[in-house]
Amino acid sequence: MREVLLTTFMETFILVFDKMDWLKISKLVFYNNPHPMYDYLELKKYINRRKMMKNEKTLKLVITGLMAALCYVAFTFLKIPIPVPGGDMVALHIGNAFCVLAALLLGGTYGGVAGALGMTIADLLDPAYITSAPKTFLLKFCIGLIAGVIAHKAAHITTENDVKYVFKWSLIASVCGLGFNVIADPVVGYFYKNFILGVPSPAAKIMSTWAAGATAVNAVVGTIVVVAVYNALRPVLKQAGIFFVIGNGKKE
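Residues numbered from 1 in each chain as written. Predicted model: local features only at pLDDT ≥ 70, side-chain atom pairs only at ≥ 80, totals over all residues. Heavy atoms only, no water.

Asker: Before we go on, may I ask you to explain the pattern of salt bridges in this structure?
Answerer: Between side chains of opposite charge, a pair can form as their charged atoms come close. One pass over the full model with this rule turns up four salt bridges. Of the charged contacts, one joins Lys 79 and Asp 126 as a salt bridge, the two residues approaching to 3.4 Å between their closest N and O atoms. Within this pair, whereas Lys 79 is found in the loop between α3 (36-78) and β1 (80-84), its partner Asp 126 is found in the loop between α5 (108-124) and α6 (133-154), the two being separated by 47 residues in sequence. Linking Asp 88 and Lys 193 is a salt bridge whose minimum nitrogen-to-oxygen distance equals 3.1 Å. Placement of the pair is Asp 88 in strand β2 (residues 88-92) and Lys 193 in helix α7 (residues 163-196), with a sequence separation of 105 residues. One exposure class covers both Asp 88 and Lys 193, and it is buried. (Salt bridge = Lys/Arg side-chain N within 4 Å of Asp/Glu carboxyl O. Helix = DSSP H or I, 4+ residues; strand = E, 2+ residues; numbered from the N terminus. Buried < 20%, exposed > 50% of the residue type's maximum accessible area, 1.4 Å probe, protein only.)

And the structure:
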């Protein structure tokens, strides 16, 4: 039995290499205990839990990358550009919708990262928007974070099965995340253009006004897309066994 436990110890040590796990496993393996078989079963359960956690994290990272790619594609290829007096450019697009969708599916941090990466890369590769990349990164991350906090910290939508409840709170979370952007984008944009890029104040005001209008349209359309897609995906993901229960570290 001791050889089996040592083998299990080595497997676990390779799997998880941090101080807390080392202390826990060492205690189970090396301390004299009247129930060695119980210790062995506990170790196997522990290994399986850690493997599941690692697999879940990997899957979340993959989906985050997919959502970032969708943000990029939606902005780069599906936008309607609108020239603004003063030489700036705004656009109608649904890129922000995938940022919020990722937050509802994976959590606020993952959603924020997906939106920040996807939309920032899109800005960097477009000469008309390249100077807006730092502002984009900050605002898109905040969109995902806010939507995630409302959906999972306030409403716990992934632990609810009531369709009307989930619909209501997915709508509220989307409105809050995208509504934040309607206010923050023109305000932050004005100060960014005026104080960082050196755009004269009158021109920066005109650009921010146009940005506010375009952002409001994007928010309305994006909210409709997010709520429709999220509520349609929930039962499909549950049936496939890849629906994440945010906050409990579990996957259904």
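Moving on, there is more to tell.
Asker: What should I look at first to understand helix α4 (residues 95-106) in this one?
Answerer: Side chains of residues three or four places apart in an α-helix project in the same direction, reflecting 3.6 residues per turn. Taking 1.5 Å as the rise per residue, α4 with twelve residues should run 16 Å; its terminal C-alpha atoms sit 17 Å apart, in good agreement. Looking only at α4, the buried set comprises Gly 95, Asn 96, Ala 97, Phe 98, Cys 99, Val 100, Leu 101, Ala 102, Ala 103, Leu 104, Leu 105 and Leu 106. One or two positions beyond α4, positive phi appears at Gly 107, with a value near 120°. (Expected span 1.5 Å × (residues − 1).)

Asker: Help me out: how do you make sense of the nonpolar core in this one?
Answerer: Across soluble globular proteins, you tend to see nonpolar side chains buried next to one another. Met 67, Val 100, Leu 104, Leu 105 and Tyr 230 are the most contacted members of the largest nonpolar core, which has 37 residues in total. Counting only elements with at least two residues in this core, the list comes to α3, α4, α5, α6, α7 and α8 (201-240). In terms of residue count, α4 provides more of this core than any other element does, ten residues in total. Here Val 100 is in contact with Ile 143, Ala 147, Ser 174, Leu 178 and Val 226, once residues within four sequence places are set aside. In terms of nonpolar packing, the next biggest core, distinct from the first, is built from eight residues, Val 90, Tyr 190, Ala 204 and Met 207 among them. (Core = buried A, V, L, I, M, F, W, Y, C linked by side-chain atoms within 4.5 Å. Contact = heavy atoms within 4.5 Å.)

Asker: Any chance you could explain empty space enclosed by the protein here in plain terms?
Answerer: Across all of its chains, the model carries one cavity of 30 Å³ or more by this definition. Here the largest cavity defines a volume of roughly 370 Å³. Lining the largest cavity we find 27 residues, and of these Met 89, Val 90, Tyr 129, Lys 135 and Asp 185 sit closest to its centre. A breakdown of the residues in the lining of the largest cavity according to their chemical character gives twelve nonpolar, nine polar and six charged. (1 Å grid on protein atoms, 1.4 Å probe; cavity = no way out; pocket = protein on both sides within 12 Å on 5 of 7 lines; lining within 4 Å. Points joined across faces, edges and corners; volume = space filled by probe spheres on them. Nonpolar A, V, L, I, M, F, W, Y, C, P; charged D, E, K, R; others polar.)

Asker: Is there a simple way to explain the pairing of β1 in this structure?
Answerer: Walk down a regular strand and you will see the side chains alternate between the two sheet faces. The pairing of β1 with β2 spans five bridges and is classified as antiparallel. Bridging across to β2, Pro 83 finds its partner in Met 89. Hairpin remark: β1 followed by β2, antiparallel, with three residues in the connecting loop; positive phi at Gly 86, about 110°. (Pairing = 2+ DSSP bridges.)

Asker: Honestly, unusual backbone geometry in this entry has me stumped. Any pointers?
Answerer: As a rule of thumb, non-glycine residues mostly have phi less than zero, and peptide bonds are mostly trans rather than cis. The phi dihedral of His 156 is positive, around 50°, even though this residue is not glycine. Since its relative accessible area comes to 41%, His 156 is described here as partly exposed.

Asker: Before we go on, may I ask you to explain the packing of α4 against α5 in this structure?
Answerer: Following both chains from N to C, one finds α4 and α5 inclined at 155°, their axes separated by 6 Å at the closest point. By the criterion of interaxial angle, the relationship of α4 to α5 is roughly antiparallel. Read as a crossing pair, α4 and α5 show a hand that is right-handed. Residues Gly 95, Asn 96, Cys 99, Ala 102, Ala 103 and Leu 106 of α4 form the contact with α5, whose participating residues are Gly 108, Tyr 110, Gly 111, Ala 114, Gly 115 and Met 119. (Axes fitted to C-alpha atoms, helices over the stretch in contact; angles between N-to-C directions. Parallel < 35°, antiparallel > 145°, perpendicular 65-115°, else oblique. Left-handed = near helix turned anticlockwise from the far one by under 90°.)

Limitation: the analysis is restricted to geometry and does not speak to function.
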